[in-house]
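# Observations on chain architecture
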Amino acid sequence: MKILVANVGSTSFKYKLFDMTDETVLAEGRLERIGGARCPVHHRIGTSETRSTCALPDYPSAIRNVMEALGSAVGGGESADLDAVGFKTVHLRGEPGTYVLDDGILERMADYNDLAPAHNPPYIQAVRIFRALYPDLPLIGLFEPAFHATIPDYAYTYSVPFVWYETYGVRKYGFHGASHRYVSESVPRLLDRPADGLKLISCHLGGSASLCAIKDGRSIDTTMGFSAQDGIIHGNRNGAIDPFIIPFIMDRENLSTDDVRRILTMESGLAGISGLSGDVRDLETAADAGNRRARLAIETFCYGVKTAIGAMAAALGGVDALAFAGGIGERGVRVRRRICRGLEFLGIELDPGKNRDGVPERLISASESAVKIAIVTTNEEIIVARETAALVTRTS
């Protein structure tokens, strides 16, 4: 079975093509600046790799570019002999899960466009384009909150009028589900122990970041909430804040709800604190050069992760393992060190040498550490591919 996994942005399109017989990656690539005359295009198909620029005036032309490249190299004509396309979809009204992306599901996604403005509209557009170009190709979405469906009601209920939950679905959902699920499966393998009985805290740290408390392989709490704005600080998004900040500033700055959405999704987080960038690498360089706000942004981020680890440990009733994933989690040597410093009371002790050097996926805890600390090279695409293949098998 061949599954194409599509990762959609507003002006970018990333993909991986899997042969699910042995989960081999047959091809992968990235197209950027879609809508322009000189768009960077990167395809790696088998052992062949090409980089070029070309005109991609719209999303249909970008999708055709990918499908033609796959078809000519993998076989099966322009459709590349695919069994389905899987999408790492983000949010929808109602119960999250894995769904065939039909009109009803797209309508449920559109209902929550204002909760995921950078994600839902591009995915809806891409699905409709795929459907128009390849009407017989199954299109499947794994929604990010699906892994968090096991969170108990007392952990996902907000202290607002209960009718908001009954009418509009206002509750904690959580996101980064594919990444946290991959971590939940990888850490037991790294530790050579079963998932049953394991109390694990998964830290997905990147431009978008969240923590997840995982017990017996199942999510029991997470830091993100009704939207992906909640929880710890993100690159350009706010994270948890006092909700009364919003009406206070709206009244004084005469802001609309659209203004506030723009500010909170694009001008906040690390970028908002630093005034420079939402990228930790840029901030570390600036902090080393003496930039006070860059230093403050990094310290605020790490402090937030540290306190969230404490909260997740409380939800679990203890912790056996701590895992770092995502771009910052996997590559942020200094960030991991700063987060773990001061958590010795929980049994978390980092080995400086292991933290600094080693294979990408490894244990970095000190030998005397009661809690094992791991770096996991997360693979959200394979989780999407597996769920897509499973749904296609069930419905065929």
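To keep things clear, this report deals only with the structure shown in the data block. What you are looking at is a predicted structure, and each value in this text was computed from that prediction instead of being measured. (Residues numbered from 1 in each chain as written. Predicted model: local features only at pLDDT ≥ 70, side-chain atom pairs only at ≥ 80, totals over all residues. Heavy atoms only, no water.)

Scanning the protein chain from terminus to terminus reveals 15 helices and 14 strands. Against the 2.2 N^0.38 benchmark of 21 Å for 396 residues, the protein chain shows a C-alpha radius of gyration of 21 Å, consistent with a compact globule. For the protein chain, the spread of C-alpha atoms along the principal axes amounts to about 60 × 55 × 45 Å. With 396 residues in all, the protein chain has 50% of them scored as buried. If you take every contact in the protein chain between residues at least 6 apart in sequence, the share linking residues at least 24 apart comes to 60%. Accessible area of the protein chain: about 17800 Å², with a carbon and sulfur share of 51%. Charged side chains in the protein chain number 43 positive and 49 negative. The centres of these two groups are separated by 5 Å. (Helix = DSSP H or I, 4+ residues; strand = E, 2+ residues; numbered from the N terminus. Rg over C-alpha atoms; globule rule 2.2 N^0.38 Å. Buried < 20%, exposed > 50% of the residue type's maximum accessible area, 1.4 Å probe, protein only. Contact = heavy atoms within 4.5 Å. Areas by Shrake-Rupley, 256 points an atom, 1.4 Å probe, with all protein chains shown as cover. Lys, Arg positive; Asp, Glu negative; His and termini not counted. Charge placed at Lys NZ, Arg CZ, Asp CG, Glu CD.)

A word on the layout of surface pockets. A probe as big as a water molecule, rolled over the atoms, marks out the empty space that is left. When its volume is computed, the largest pocket comes out at roughly 1500 Å³. For the lining of the largest pocket, the elements supplying multiple residues, two or more each, are β1 (2-8), β2 (13-19), β3 (24-31), α8 (257-266) and α15 (380-395). For the lining of the largest pocket, the leading source of residues is α8, giving four residues. Tallied by class, residues from the lining of the largest pocket come to 13 nonpolar, 19 polar and 13 charged. Considered as a void within the structure, the second largest pocket measures approximately 1200 Å³ in volume. Along its surface, the second largest pocket is lined by 30 residues, and L115, F226, S227, Q229 and I246 are the ones closest to its centre. For the lining of the second largest pocket, the secondary structure elements donating two or more residues are α5 (162-168), α7 (245-253) and α8. Considered class by class, the residues forming the lining of the second largest pocket number 16 nonpolar, nine polar and five charged. (1 Å grid on protein atoms, 1.4 Å probe; cavity = no way out; pocket = protein on both sides within 12 Å on 5 of 7 lines; lining within 4 Å. Points joined across faces, edges and corners; volume = space filled by probe spheres on them. Nonpolar A, V, L, I, M, F, W, Y, C, P; charged D, E, K, R; others polar.)

With that settled, the discussion passes to the packing of aromatic side chains. Under the defined criterion, the tally for this structure stands at 10 aromatic pairs. Centre to centre, the rings of F162 and Y165 are 5.2 Å apart; their planes meet at 55°, and the pair counts as tilted. Residue F162 and its partner Y165 are both found in helix α5; the two are separated by three residues, about one turn of the helix. For F162, a relative accessible area of 47% corresponds to the partly exposed category. (Phe/Tyr/Trp six-rings, centres within 6.5 Å; stacked < 30°, edge-to-face > 60°.)

This brings us to the pattern of salt bridges. One pass over the full model with this rule turns up 22 salt bridges. Here E387 and R181 are joined by a salt bridge, their closest N and O atoms 3.2 Å apart. Taken as a pair, E387 in helix α15 and R181 in helix α6 (residues 177-191) lie far apart in primary sequence, 206 residues in all. A salt bridge links R334 to D288; its shortest N-O distance comes to 3.1 Å. Of the two residues, R334 is situated in helix α13 (residues 333-340) and D288 in helix α10 (residues 280-288); the sequence distance between them amounts to 46 residues. Residue classification places R334 among the partly exposed positions, given a relative accessible area of 35%. Looking at D288, the relative accessible area reads 57%, which means it is exposed. In this structure, a network of salt bridges that share partners links the residues E23, E185 and R386. (Salt bridge = Lys/Arg side-chain N within 4 Å of Asp/Glu carboxyl O.)

Within this structure, the stated rule accounts for zero disulfides. You can see C39 has no disulfide; the closest cysteine sulfur is in C54, sitting 6.1 Å from it. Overall, the relative accessible area of 0% leaves C39 in the buried class. You can see C212 has no disulfide; the closest cysteine sulfur is in C203, sitting 9.9 Å from it. In this structure C212 comes out as buried when scored by relative accessible area, which is 0%. (Disulfide = S-S within 2.5 Å.)

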